[in-house]
Amino acid sequence: MTVSNPKPEKTAAPEPARPSNFIRDTVIEDLKTGKYQGRVWTRFPPEPNGYLHIGHAKAICLDFGLADEFGGGTNLRFDDTNPEKEETEYVESIMADVKWLGFEWEGLHYASDYFQQLHDWAVQLIRAGKAYVDDLSAEEIRKHRGTLTEPGKESPYRHRPVEENLDLFARMKAGEFPDGTRVLRAKIDMASPNLNMRDPRDVQDFACGAPSHRE
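Okay, so let's go over this structure. None of these values were measured; they are calculated from a predicted model.

## Considerations on the packing of aromatic side chains
Thought 1: For the structure shown, the criterion picks out 3 aromatic pairs.
Thought 2: Ring centres of Tyr51 and Tyr90 lie 5.0 Å apart, and the angle between their planes is 80°; this geometry places the pair in the edge-to-face category. Taken together, the positions of Tyr51 in the loop between β1 (41-44) and α2 (54-69) and Tyr90 in helix α3 (residues 88-100) put the pair 39 residues apart, joining distant regions of the chain.
Thought 3: Ring centres of Phe64 and Phe103 lie 5.3 Å apart, and the angle between their planes is 25°; this geometry places the pair in the stacked category. Of this pair, Phe64 sits in helix α2 while Phe103 sits in the loop between α3 and β3 (107-110), and the two are 39 residues apart along the sequence.

Here's what the structure looks like:
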């Protein structure tokens, strides 16, 4: 009698490796080393001055998706550094879009809630010699930044004394100067390969902002 060989049992095909990226890889590495006590918390910080586009959708899926994957949470923090020019309509639209994509935020925050803290940090940077008041125009600042292949050059106002910077900054906050005539800039590196890091001026948006739109 001939005995046929039994058919080999079928085994489940291994699941394909999940696509990753350098951000996800960094989170995984931090979890392995116990950095931040295993806590994964992200934020989505839109400016409420328009409707969201496809790039925002990608950022939402990354921020909320990573937190969901690793059992964390995400804060929705509106970057309303100029509340007088931003509309509640956009805030509500952004919230609706986040929910439409299937996500929920843990904390709801507004940059304008922290203006005093941001102002105090700006003063701290000035006292430490790491920020200064610049009188260059926006066009002059652009020219001083250089190009992708050429380093920028320092503003002639970069080495103002600390006390002079503190005085000018206080007068800026009091509205003594016309809009755009002076700006607070962080001292970093005018030769940085990243043009946006060559003495950035964004610090002024937080330091001299208007009151919260929810007051």
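Next comes the rest of the write-up.
## Remarks on the environment of Ala67
Thought 1: One can find Ala67 in helix α2.
Thought 2: Take Ala67: its relative accessible area is 0%, and that puts it in the buried class.
Thought 3: Separated by 26 residues in the primary sequence, Ala67 and Trp41 place their C-alpha atoms 6.0 Å from one another.
Thought 4: Excluding residues that lie within four positions of it along the chain, Ala67 makes contacts with Val40, Thr42, Gly72, Gly73 and Thr74.

Here is what the cut-offs are and how they apply
- Residues numbered from 1 in each chain as written.
- Predicted model: local features only at pLDDT ≥ 70, side-chain atom pairs only at ≥ 80, totals over all residues.
- Heavy atoms only, no water.
- Phe/Tyr/Trp six-rings, centres within 6.5 Å; stacked < 30°, edge-to-face > 60°.
- Helix = DSSP H or I, 4+ residues; strand = E, 2+ residues; numbered from the N terminus.
- Buried < 20%, exposed > 50% of the residue type's maximum accessible area, 1.4 Å probe, protein only.
- Contact = heavy atoms within 4.5 Å.

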